[in-house]
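The primary structure of each chain is shown beneath.
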Amino acid sequence: MGALNFLSDYFSDHFYVSIRKRKKRKVMQTVNIKVKIDCDGCERKIKNAVSSMKGAKSVEVNRKMNKVTVSGYVDPKKVLKKVQSTGKKKAELWPYVPYTMVAYPYAAGAYDKKAPPGFVRKSEQAQAQPGGTDDKLMSLFSDENPNACTIM
């Protein structure tokens, strides 16, 4: 199968490019947007605007978390512009990650009082540095270190 795919790509690229332009296929993805949602009218307006976009398969609006989730063949920048066109100018891409995904959740740039429960803000300071001093100290006293007994 690999050889057939290679040959079909080779011939289609070299012989048919001049005849017709190849369109880029959009990838199925999920776009999360943070937007202040005050009432049912705001929720309905955002949901109708985003669901009318070409390629949007499903739209979920979570009013409690101020989050809009769009799944489908859409571009994140276009979804953000569409939400901002409804009058929500402070809309932004979802800036939070789950609390368990961050090494230092209480670092200066990560902790946010306005974050939903269980989430912290994405931040470079909160991520663990590969080969950092914390990793070295933790590996000294781990069970997998054969020399741990001599250190203690």
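Residues numbered from 1 in each chain as written. Predicted model: local features only at pLDDT ≥ 70, side-chain atom pairs only at ≥ 80, totals over all residues. Heavy atoms only, no water.

Participant: Help me understand the overall build of the chain, please; the structure alone is not making it clear to me.
Facilitator: Looking only at helices and strands, one finds five helices and six strands in the chain. Secondary structure elements of the chain, listed N to C terminal, follow the sequence α-β-α-β-β-α-β-β-β-α-α. Among the 152 residues that make up the chain, the fraction classed as buried is 28%. Taking the intrachain contacts of the chain between residues at least 6 apart in sequence as the baseline, contacts between residues at least 24 apart amount to 52%. (Helix = DSSP H or I, 4+ residues; strand = E, 2+ residues; numbered from the N terminus. Buried < 20%, exposed > 50% of the residue type's maximum accessible area, 1.4 Å probe, protein only. Contact = heavy atoms within 4.5 Å.)

Participant: Teacher, can you tell me more about the pattern of salt bridges here?
Facilitator: Under the defined criterion, the tally for this structure stands at five salt bridges. A salt bridge links Arg-63 to Glu-43, with the nearest nitrogen and oxygen atoms 3.8 Å apart. Pair noted here: Arg-63 is in the loop between β2 (56–62) and β3 (67–72) and Glu-43 is in helix α2 (residues 40–51), with a separation of 20 residues, a long-range link. A residue is classified by how much of its surface remains accessible, and Glu-43, at 23% relative accessible area, is partly exposed. Three or more residues joined by partner-sharing salt bridges are found here, namely Lys-36, Asp-38 and Lys-88. (Salt bridge = Lys/Arg side-chain N within 4 Å of Asp/Glu carboxyl O.)

Participant: Any chance you could explain the environment of Arg-121 here in plain terms?
Facilitator: With respect to the helices, strands and loops of the structure, Arg-121 is situated in strand β6 (residues 119–121). The contact partners of Arg-121, leaving out residues within four places of it in the chain, are Lys-34, Glu-92, Pro-95, Tyr-96, Gly-109, Ala-110 and Asp-112.

Participant: When you look at the side chain of Thr-86 in this model, what are you seeing that I'm missing?
Facilitator: Structurally, the position occupied by Thr-86 is in the loop between α3 (76–84) and β4 (92–93). Under the relative-accessibility criterion, Thr-86 is labelled buried at 14%. Within polar-contact distance, the side chain of Thr-86 engages the backbone oxygen of Val-83 at 2.5 Å. Among all residues touching Thr-86, those that are not within four sequence positions of it are Lys-45, Ile-46 and Ala-49. (Polar contact = N/O pair within 3.5 Å; in protein donor to acceptor, adjacent residues only side chain to side chain.)

Participant: Looking at this structure, I do not really get a nonpolar patch on the surface. What am I missing?
Facilitator: A surface patch of nonpolar side chains, about 420 Å² in accessible area, is lined by Phe-6, Leu-7, Tyr-10 and Phe-11. Position of Phe-11 among the secondary structure elements: in helix α1 (residues 2–15). The exposure class of Phe-11 is partly exposed, given its relative accessible area of 40%. (Patch = residues over 30% accessible without salt bridge, like charges linked within 9 Å, V, L, I, M, F, W, Y side chains within 5 Å. Areas by Shrake-Rupley, 256 points an atom, 1.4 Å probe, with all protein chains shown as cover.)

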